[in-house]
Amino acid sequence: MKLLVSVVDVGEAREAAEAGADIVDVKNPAEGSLGAPPPAVIAAVRAAVGAEVPVSAAIGDMPNLPGTAALAALGAARSGAAFVKVGLWGVSTEPEAVALLEAVRKAVDDVPGAIVVACAYADARRVAPAPLAPELLPRVASEAGVAVCLLDTAVKDGRGLLHWIAPDALTSLVDDAHVAGLQVALAGALRAEDLPVVRATGADIAGVRSAACGDGRRTGPLEAARVRALRAACAATPRASR
């Protein structure tokens, strides 16, 4: 299982990469769970971490505006993001989600190496109006032709992914995605002690922010020692095939 570490600036990105993060993720927490950073920040992070470390970037908790999402995705990809994450915030039905994701995918098709990540929210039911139900994520991602699913949390109040979805349900979602040929990333206030549970689901990527920061606070400074420990936990023996 790979480790994705979310960062807010070039200094944190460099520190995360040097400490062993497999993917450096750029976002702007001030604009939401998947708040979009400025293109210049993405480009600066891309230049700082070296070609061997993939960069991901969020383009926002998107309303149901496929054209807007497509333009934002193209900007992120052209700025150096290999993984372009789109939050399915303003869509609640499968057709709406597929249309939004297809628009994003088509926008980045001509950018070499660009991969679209479809993100749903484990706590979708507490957002009004409710975004796409998380259990539908593998199906809509597959229908839209995107490569990666991400399950995160919408509200950052300390209640993480495992508070909202039980491990068995996460395992089923991961299995469904793998059957469809998709990779799966899991995130949402994950702590170091959660990583064995996440790894046991068969997830391909674990995403963290607060667990990599001082005092476990997402607003705290990134700490290299925490990133190294998280990376070691992700690299431990995965679950046996069932």
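Residues numbered from 1 in each chain as written. Predicted model: local features only at pLDDT ≥ 70, side-chain atom pairs only at ≥ 80, totals over all residues. Heavy atoms only, no water.

1. A short note on the nonpolar core
Ranked by size, the top nonpolar core spans 72 residues in total, and within it Val5, Val24, Leu88, Leu151 and Leu186 carry the most contacts. For this core, the leading source of residues is helix H4 (residues 94-108), giving six residues. If sequence neighbours within four positions are ignored, Val5 has contacts with Ala16, Ala21, Ile23, Val24, Asp25, Val208, Ala212, Leu222 and Val227. Residues Leu4, Leu34, Leu150 and Ala154 belong to the second largest nonpolar core, which totals 17 residues. (Core = buried A, V, L, I, M, F, W, Y, C linked by side-chain atoms within 4.5 Å. Buried < 20%, exposed > 50% of the residue type's maximum accessible area, 1.4 Å probe, protein only. Helix = DSSP H or I, 4+ residues; strand = E, 2+ residues; numbered from the N terminus. Contact = heavy atoms within 4.5 Å.)

2. Let's talk about H4
The end-to-end C-alpha distance of H4 is 21 Å, a good match for the 21 Å that 15 residues give at a rise of 1.5 Å each. For H4, the full list of buried residues reads Ala97, Val98, Leu100, Leu101, Val104 and Val108. The arc enclosing the buried residues of H4, seen along the axis, measures out at 165°, which places them on a common side. Structural note: H4 exposes Pro95 and Lys106 on the side pointing more than 90 degrees away from its buried face. On its buried face, H4 sits against strand E3 (55-62), helix H3 (66-78), strand E4 (83-88), strand E5 (115-121) and helix H5 (137-144). Backbone nitrogen of Glu96 and a side-chain oxygen of the N-cap are separated by 3.3 Å at the start of H4; the cap is Thr93. (Expected span 1.5 Å × (residues − 1). Arc of directions from axis to C-beta. Polar contact = N/O pair within 3.5 Å; in protein donor to acceptor, adjacent residues only side chain to side chain.)

3. Looking at the side chain of Asp123
Examined against the element boundaries, Asp123 turns out to sit in the loop between E5 and H5. One polar contact links Asp123 to Arg126, side chain to side chain, over a distance of 3.0 Å. Here Asp123 is in contact with Asp152, Thr153, Ala154, Val155 and Trp164, once residues within four sequence places are set aside.

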